[in-house]
4 protein chains.
Amino acid sequence: MNEFILTLKCADARGIVAGFAAGLLELDANIIANKQFTDHATNTFVMRTVFEDDLEDPSEVVDHLEARRQAFDAELRVRRVDDHPRVMILVSKYDHCLVDLLNRHHAGELAAEIPVVVSNHEDLRNIVEREGIEFRHLPVTPDTKIEADAALLAMIDEDDIDLVVLARYMQILSPAVCDVLRGRAINIHHSFLPGFKGARPYHQAWDRGVKLIGATAHYVTAELDEGPIITQDVTPVNHSDTPGSMVIAGRDIERLVLSKAVRAHVEERVFLIGHRTVVFS
Amino acid sequence: MNEFILTLKCADARGIVAGFAAGLLELDANIIANKQFTDHATNTFVMRTVFEDDLEDPSEVVDHLEARRQAFDAELRVRRVDDHPRVMILVSKYDHCLVDLLNRHHAGELAAEIPVVVSNHEDLRNIVEREGIEFRHLPVTPDTKIEADAALLAMIDEDDIDLVVLARYMQILSPAVCDVLRGRAINIHHSFLPGFKGARPYHQAWDRGVKLIGATAHYVTAELDEGPIITQDVTPVNHSDTPGSMVIAGRDIERLVLSKAVRAHVEERVFLIGHRTVVFS
Amino acid sequence: MNEFILTLKCADARGIVAGFAAGLLELDANIIANKQFTDHATNTFVMRTVFEDDLEDPSEVVDHLEARRQAFDAELRVRRVDDHPRVMILVSKYDHCLVDLLNRHHAGELAAEIPVVVSNHEDLRNIVEREGIEFRHLPVTPDTKIEADAALLAMIDEDDIDLVVLARYMQILSPAVCDVLRGRAINIHHSFLPGFKGARPYHQAWDRGVKLIGATAHYVTAELDEGPIITQDVTPVNHSDTPGSMVIAGRDIERLVLSKAVRAHVEERVFLIGHRTVVFS
Amino acid sequence: MNEFILTLKCADARGIVAGFAAGLLELDANIIANKQFTDHATNTFVMRTVFEDDLEDPSEVVDHLEARRQAFDAELRVRRVDDHPRVMILVSKYDHCLVDLLNRHHAGELAAEIPVVVSNHEDLRNIVEREGIEFRHLPVTPDTKIEADAALLAMIDEDDIDLVVLARYMQILSPAVCDVLRGRAINIHHSFLPGFKGARPYHQAWDRGVKLIGATAHYVTAELDEGPIITQDVTPVNHSDTPGSMVIAGRDIERLVLSKAVRAHVEERVFLIGHRTVVFS
């Protein structure tokens, strides 16, 4: 038996569950887990089903469900659970999020392949290569920004990348790149959102005297730090914290929040509905 | 249109979702929300469906689904959302959990009726009666314990009580009462479980030097403090806490944890599988 | 023996602790607890000392320490622990923060007197009066705003109020009132700060798709929602929350956050340093 | 100017603060931070003071304060902040706590030297050596237990180790070793305490249906899992968790809790009072 993940998104209507459940039954599928949600504000239905079947190829499932898919004008995806998404990580010089992702990958916590890490600096080469992962240096300067973005898109295409993770990548992706990567690039913002925007958020947080600092993982959009939120968390701080100690406390939250978002995405638990996300636990 | 909640529990098998979804479709039901879970350890399937229909009476739904229910040997319940469960609260002298439940009821946060509060002491009569709720004094002494338990069961029966909430009720229910109330009596234990058992848990916690204290809401069973856990939470404490300040910190956790459990139960979001619970969020 | 709280604030310098500790020793004071903090960014030293002494009157302590106080140009206050601050609560129609404060007062958790609750509406009169606390209706309209503010200040003066708590008071205090009440009026903002400003923050939060909602208690300043933060907390939400369910979740956070701030203030644990606070635990 | 940490512990009495503050003033010390606490249950006073001075050697401070130390029969320690404690880490095969400590050390978050990691297995050699840290394999079998314990004590002595960290070390230290290391060996227990004791706590937790799992860092004592607690934390779990997913969730809590405890210890923020700890934040 093979395990599959089916994800479905369409306008809500009567008969969706009955239809697709019947379709899977016809295929002798054994449903292991199923989550669904109707967003009443937009009348959108989303569903994630994990099932076992002795079929080999997800396309057999897709084909069998095609008439139903058309009837509901649904977005339908089926993949094998063991066909892991391919993740490219982008970094600059900060290593805490990268190291955490690599450690979780190594520990088998991330159901993903990480074929390559790309950076605009050489600093983290060793950390990557010692895990047996390819490290590529892609310098970015104001003058070479256009070429660098093109090179990045070419790599994503050639390496068949499913998800790009900006693990404290200190470059802004151009709107064109953001468009191409819509819903498949995740950034970690080192602040709670809405929150301190732009540079040095921990200094701003200290200056404002906040008692909690947070981090937000979100899909990348052309509007900086405004993309759909996937995960958020906070940690308490107090008067004895300095901007420096807030940075340290922030690292723990950043890596937890980013890795949760990446894990949710590669397990197909995130659905994008307009500017909001549904994240099944 | 009326809103209904359907809950279902049976051994997992192929075709459950397809069958019941088709059955609801035949009734022109509009599914608003659906959650399901398969507990693989016990091969148990549970489902909670909220739907709209222009039917009036839940028994019409039950009748229509009866053949399917039998086919899967399922426990099936359907009720109208506006047919609120009737809750009896048991208290002694501590008022913080009672006051919290009454406030939430007053604020419309609890989808429940509270026809009566029963206590072995008179102390909290005013707090109850000023909310327009009946207060009954049921004294319990070692000599009258058997009669008191019988009187309690009689009240539960006569008042058509769906759920009994022990809001820091300082009496132990007899095994016979626990049996009758299996799965419909909730207690708040003023400790994390597993944890400090028996008397004065905050003193024990202080003595042990713990850095967190917690509370646990669980279904009542004949084994004291061992019933199936519904909700738990903790709050940090430190060296400057005394048993007294831990008691105060504990109150906040106790009332939050108990009210979450009661809310989950009256919204039919809790399923009992052996000694464990499924709690849909 | 009587218990006293001494609070001190001055520019940091060598010899402060040695000086005041020696001064208290000369008075045969028995120090029960002492916390101090130096804010290096502003070179400000703050200290809170709880001590026992057989003196009756705090002014005897103040007089004895006066030379030292002058030497360090310090702000020094000494009060008896049992001389509770007098708190006026301002409310409109929402009752959850008010009820929580009254319950904690009733339970002995708030070391404060609450002689009066003032509201621009009549709705909450019963909740207040049944606790034996005076309720005053002070209507506010755009036309009567100036008179109402004057009346409020007069009440604060006549009733010898130490702290004003805006427990979801839906009126903005005029800059003049804010100035008079600097450092002794606490507001609960039903959002994380920085966060959604202005009206309907939970609708904004829902619209933004946040995964956490928060609340902030802060001292009132003329700049709306920009005052020095005392306490903050958050609670998780997810895609299945609506603006309405976020409001309910928000209530729990609001009352916890506000009551923590009020408790810290009346126990003299909050120090204002510019726009930031030191809050001793 | 050099920075020093002074820690003091003695029976509470009048004049301690005045005495030592005067003593530091005589040395022209500039106090940067000071925390103190009186444990009234045991009448124990503890204090941690960070100060700057143009002295070079902590023994000059100790000598100057010796008369006062004797007067209060105090335990007094003074060290330079930049004289980092030497930490030995013990591991077996699990790497998550080790990796976290090494990463934090690398990032400058741990004010400690880590000269050596000792393990009863070879598995983690590479992770250690690639950080430039010595890895020693010390096999332990029932037959060699006594020799292994002796070898361990010899290493601790020869390497001048200040703190031993059991980062999921799957061997029980003998009572004799525990005695020698009293107050300077920290273990991470992969459960909340009091909690599930002994083997496979996550399986026990799953079986009990808990809604939170936790971890506890504590000083090692001869009574397994009963040592003085330093730090604790929890993370929520639910019905959809398996023992396996609880293990993964547990790793995040374990490494956070252990690293917090180690950081507190090496920064001299932990005081042992009987079976309880004072941990200054």
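Residues numbered from 1 in each chain as written. Chains lettered and ligands numbered in written order. Predicted model: local features only at pLDDT ≥ 70, side-chain atom pairs only at ≥ 80, totals over all residues. Heavy atoms only, no water.

Expressed as a screw operation, the relation of chain A to chain D combines 0.0 Å of axial shift with a rotation of 180 degrees, fitting to an RMSD of 0.0 Å. Those values place the two copies in the arrangement expected of a two-fold rotation axis. A shared interface surface links the copies, since 100% of the contact residues of chain A are contact residues in chain D too. (Least-squares fit on C-alpha atoms with pLDDT ≥ 70 in both. Contact = heavy atoms within 4.5 Å.)

The next thing to look at is the relation of the copies chain C and chain A. Overlay of chain C on chain A (RMSD 0.0 Å): rotation 180 degrees, translation along the axis 0.0 Å. Comparing contact sets, 100% of the residues at the interface of chain C also lie at the interface in chain A, consistent with an isologous, same-surface contact.

For the rest of this paragraph, the subject is the domain arrangement of chain A. Residues and elements named next belong to chain A. Examined at the domain level, chain A breaks down into domain 1 (2–80) and domain 2 (86–279). Between the C-alpha centres of domain 1 and domain 2 there is a distance of 31 Å. Taken together, the contact pairs 14 residues of domain 1 with nine residues of domain 2. Where domain 1 abuts domain 2, roughly 930 Å² becomes buried across the two surfaces, and 58% of that area is made up of carbon and sulfur atoms. Considering only the side of domain 1, the residues that lose the most area to domain 2 are Val46, Arg48 and Arg79, jointly responsible for 42% of the buried surface there. Viewed at the interface, domain 2 and domain 1 are joined by three salt bridges. (Domains from an automatic or database assignment. Buried area = accessible area lost by both parts, 1.4 Å probe. Salt bridge = Lys/Arg side-chain N within 4 Å of Asp/Glu carboxyl O.)

Below, the discussion takes up the interface of chain A and chain D. Listed as interface residues are 17 residues of chain A and, on the opposing side, 17 residues of chain D. Roughly 1400 Å² of surface becomes buried between chain A and chain D when both sides are summed, with 37% attributable to carbon and sulfur atoms. The interface formed by chain A and chain D includes six salt bridges. Between Arg104 of chain D and Asp252 of chain A there is a salt bridge, with the nearest N and O atoms lying 2.7 Å from each other.

Here we take up the side chain of Arg48 of chain B. All names here are of chain B. Within the secondary structure, Arg48 is located in strand β3 (residues 44–53). Buried and unpaired, Arg48 has no salt bridge, with Glu267 as the nearest side chain of opposite charge at 5.3 Å. Reaching out from Arg48, the side chain makes a polar contact with the backbone oxygen of Glu268 at a distance of 3.4 Å. Apart from residues no more than four positions distant in its own chain, Arg48 is found in contact with Ile5, Leu6, Thr7, Ala33, Asn34, Lys35, Glu267, Glu268, Arg269, Phe271 and Phe280. (Helix = DSSP H or I, 4+ residues; strand = E, 2+ residues; numbered from the N terminus. Buried < 20%, exposed > 50% of the residue type's maximum accessible area, 1.4 Å probe, protein only. Lys, Arg positive; Asp, Glu negative; His and termini not counted. Polar contact = N/O pair within 3.5 Å; in protein donor to acceptor, adjacent residues only side chain to side chain.)

Further remarks concern the interface of chain C and chain A. Listed by partner, the interface residues are 32 residues for chain C and 32 residues for chain A. Roughly 2600 Å² is buried in total at the junction of chain C and chain A, and carbon and sulfur atoms are behind 64% of that figure. Remark: the boundary between chain C and chain A carries two salt bridges. Arg208 of chain C is the salt-bridge partner of Glu226 of chain A, the closest N and O atoms lying 3.7 Å from each other. The interface formed by chain C and chain A includes 14 residue pairs in polar contact (both at pLDDT 80 or more). Counting only elements with at least two residues in the side of chain C that touches chain A, the list comes to β2 (30–39), α7 (201–208), β11 (229–236) and β13 (276–279) of chain C.

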